[in-house]
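What the coordinates show
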Amino acid sequence: MPAREMRMEMFLRALLRRDFSKAKAHLEKLQKMAGSDEWGRGYGKAITGFMSAIKDNDPDALIVQLIKEHDREKAEKLLKHFEGILEHDFRDEYEKGYYTAWIEFLKAYLSQKALTQKR
């Protein structure tokens, strides 16, 4: 597993435990890995959004709904949708970074044992 995907999994686990200090450390490492170009800024925007939505427990945030519902099917549909978005030629680098973060987050989420056992 690539380093960034491993780090994303650690970030997700920290968020699920609501260990925000650990999540922040993983977030900073993910941002460093992503870089500061347009792609990296989009990626960083997404992961920062994941953390703030979960921290604030925002009921309107897609990420919070996913985690509360433990809906594997919904997560799989979103993953396919975001992968499809990345295939569009007209997407700029910022958007590609943003949706890549979502894809990596959803893959990490879907790989969690607790989610698999809920089915």
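Preceding this paragraph is the structure being described.
These remarks concern the structure in this document.

Structural notes on the packing of helix 5 (residues 72-86) against helix 6 (residues 93-110)
With their axes 9 Å apart at the nearest point, helix 5 and helix 6 run at an angle of 150° to one another. For the element pair helix 5 / helix 6, the angle class is roughly antiparallel. Pair helix 5 / helix 6 crosses with left-handed handedness. Here helix 5 contributes Arg72, Ala75, Glu76, Leu78, Leu79, Phe82, Glu83, Ile85 and Leu86 to the contact with helix 6, which in turn contributes Lys96, Tyr99, Thr100, Trp102, Ile103, Leu106, Lys107, Tyr109 and Leu110. Each residue belonging to the contact of helix 5 with helix 6 can be placed in one class, and the counts come to 12 nonpolar, 1 polar and 5 charged.

Focus: helix 3 (residues 38-56)
For helix 3, with 19 residues, the first-to-last C-alpha span of 27 Å sits near the 27 Å given by 1.5 Å per residue. Every buried residue of helix 3 is listed here: Trp39, Gly40, Gly42, Tyr43, Gly44, Ala46, Ile47, Phe50, Met51, Ala53 and Ile54. On its buried face, helix 3 sits against helix 1 (3-16), helix 2 (20-34), helix 4 (62-69) and helix 6. Positive phi shows up at Asn57, right after helix 3, with a value of about 50°.

Overview of the nonpolar core
Counting 37 residues, the largest nonpolar core has Phe11, Leu15, Ile47, Phe50 and Ile63 as the members making the most contacts within it. Elements supplying a minimum of two residues to this core: helix 1, helix 2, helix 3, helix 4, helix 5 and helix 6. Looking at which element gives the most residues to this core, the answer is helix 6, with 9 residues. Not counting the four nearest positions on each side in its chain, Phe11 is found in contact with Ala23, His26, Leu27, Leu30, Ile47, Phe50 and Met51.

Here's the deal with the packing of aromatic side chains
A complete count under the given rule lists 6 aromatic pairs for this structure. An angle of 80° between the planes, with centres 4.8 Å apart, marks the rings of Phe50 and Trp102 as edge-to-face. Of the two residues, Phe50 is situated in helix 3 and Trp102 in helix 6; the sequence distance between them amounts to 52 residues. As far as the burial class goes, Phe50 and Trp102 line up, both buried. When the centroid spacing of 5.3 Å and the interplanar angle of 85° are considered together, the rings of Tyr98 and Tyr99 count as edge-to-face. Aromatic ring contacts, followed pair by pair, group Phe50, Phe82, Tyr98, Tyr99, Trp102 and Phe105 into a single cluster.

Digging into unusual backbone geometry
Look at Arg18: it is not a glycine, yet its phi comes out positive at around 60°. As for its placement among the helices and strands, Arg18 is situated in the loop between helix 1 and helix 2. Among the residues examined, Arg18 registers a relative accessible area of 43% and is labelled partly exposed. Although it is not a glycine, Asn57 adopts a positive phi angle of roughly 50°. A relative accessible area of 37% places Asn57 in the partly exposed class.

About the criteria used
Residues numbered from 1 in each chain as written. Predicted model: local features only at pLDDT ≥ 70, side-chain atom pairs only at ≥ 80, totals over all residues. Heavy atoms only, no water. Axes fitted to C-alpha atoms, helices over the stretch in contact; angles between N-to-C directions. Helix = DSSP H or I, 4+ residues; strand = E, 2+ residues; numbered from the N terminus. Parallel < 35°, antiparallel > 145°, perpendicular 65-115°, else oblique. Left-handed = near helix turned anticlockwise from the far one by under 90°. Contact = heavy atoms within 4.5 Å. Nonpolar A, V, L, I, M, F, W, Y, C, P; charged D, E, K, R; others polar. Expected span 1.5 Å × (residues − 1). Buried < 20%, exposed > 50% of the residue type's maximum accessible area, 1.4 Å probe, protein only. Core = buried A, V, L, I, M, F, W, Y, C linked by side-chain atoms within 4.5 Å. Phe/Tyr/Trp six-rings, centres within 6.5 Å; stacked < 30°, edge-to-face > 60°.

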